[in-house]
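Overview (structure and organization)
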Amino acid sequence: MNLKCIVVEDEPLAMERLCSYIARFPWLTIREKFTDGMDALVYLQTQSVDIVFLDINLGECSGIQLLESIDKKFEVILLTAYSDYALQGYELQVTDYLLKPYSFERFAQAVEKAKNNLGKQTTPEKKWLFVKSANQIEKINLDELLYIEGMRDYRKLHLVNNRKIMTLQTFREFEQELAGTSICRVHKSYMVALGKIDTIDKDGIRMGTVSIPVSDTYRSHFFSLLKG
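Below or above, wherever it landed, is the structure these notes cover.

Reading the values: rules and limits
Residues numbered from 1 in each chain as written. Predicted model: local features only at pLDDT ≥ 70, side-chain atom pairs only at ≥ 80, totals over all residues. Heavy atoms only, no water. Patch = residues over 30% accessible without salt bridge, like charges linked within 9 Å, V, L, I, M, F, W, Y side chains within 5 Å. Areas by Shrake-Rupley, 256 points an atom, 1.4 Å probe, with all protein chains shown as cover. Salt bridge = Lys/Arg side-chain N within 4 Å of Asp/Glu carboxyl O. Helix = DSSP H or I, 4+ residues; strand = E, 2+ residues; numbered from the N terminus. Buried < 20%, exposed > 50% of the residue type's maximum accessible area, 1.4 Å probe, protein only. Arc of directions from axis to C-beta. Contact = heavy atoms within 4.5 Å. Polar contact = N/O pair within 3.5 Å; in protein donor to acceptor, adjacent residues only side chain to side chain. Pairing = 2+ DSSP bridges. Axes fitted to C-alpha atoms, helices over the stretch in contact; angles between N-to-C directions.

1. Some thoughts on a nonpolar patch on the surface
Taken together, Met-151, Tyr-154, Met-166 and Leu-168 make up a surface patch of nonpolar side chains, about 360 Å² in accessible area. Along the chain, Met-166 falls in strand β10 (residues 164-167). Met-166 gets classed as partly exposed once you look at its relative accessible area, which sits at 34%.

2. What to know about helix α2 (residues 37-44)
Within α2, the full set of buried residues consists of Gly-37, Ala-40, Leu-41, Tyr-43 and Leu-44. Projected onto a plane normal to the axis of α2, the buried residues spread over an arc of 160° and lie on a single side. If you follow the buried residues of α2, they end up packed against β1 (3-8), β2 (28-34), β3 (51-55) and α3 (63-68). Measuring from the backbone nitrogen of Met-38 back to the side-chain oxygen at the start of α2 gives 2.9 Å, which picks out Asp-36 as the cap.

3. Quick look at the sheet that holds strand β14 (residues 204-207)
Sheet architecture is open: three strands sit in the order β13-β14-β15, paired in antiparallel fashion. Either end of the sheet is taken by a strand with one partner, and the two such strands are β13 (199-201) and β15 (210-212). The mean angle between the axes of side-by-side strands here comes to 25°, regardless of whether they run parallel or antiparallel. Both β14 and β15 contribute to a ladder of three bridges, which runs antiparallel. Each bridged residue has a counterpart across the sheet, and for Arg-206 the counterpart in β15 is Ser-211.

This is the structure in structure tokens:
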């Protein structure tokens, strides 16, 4: 699942941090950034997006006024330094309400909630994957996939029954194609099937006799998926 979003935030540092958080989700793409609520409102009247990250205090057109002025067909994550708007956010049926300064872990929870809500409206979870290998394209049932390992220019897919497939497809391609499934990136050199994990400890993931590291870059997102 690849999702489109816009960011509406008039504080430069808050905008920078928010965009850096969004960049950590490969299936989330920023289409536009706005510092003015009215400009965002005009954009949303003609463009389709999946998620709106919306600051409340925006000058002439607040985030609340923006939502009251448009037929909402997207998930909304409200951002504010004040708790006074929580009730209005609830009444407007926003996806989540983040109080500044919010952590990446809290942000990830909100994003996953929005994705899950959108997933209920779209297609069911992907069941298989087509992989280019040697001179052919192989169909892989996702319930047979254990993990994907990076090996220089190649990616090795480890499947049940000790089956392995080598491919030149990149992790970026796999992340895009497997977004919304239970297979996620945990390290620059690994993606894992969450349902195939045996144990998790301070050293990483164990699958049978195999040990897979979890890097700081992907740790928060990985654990948010486990909780979900």
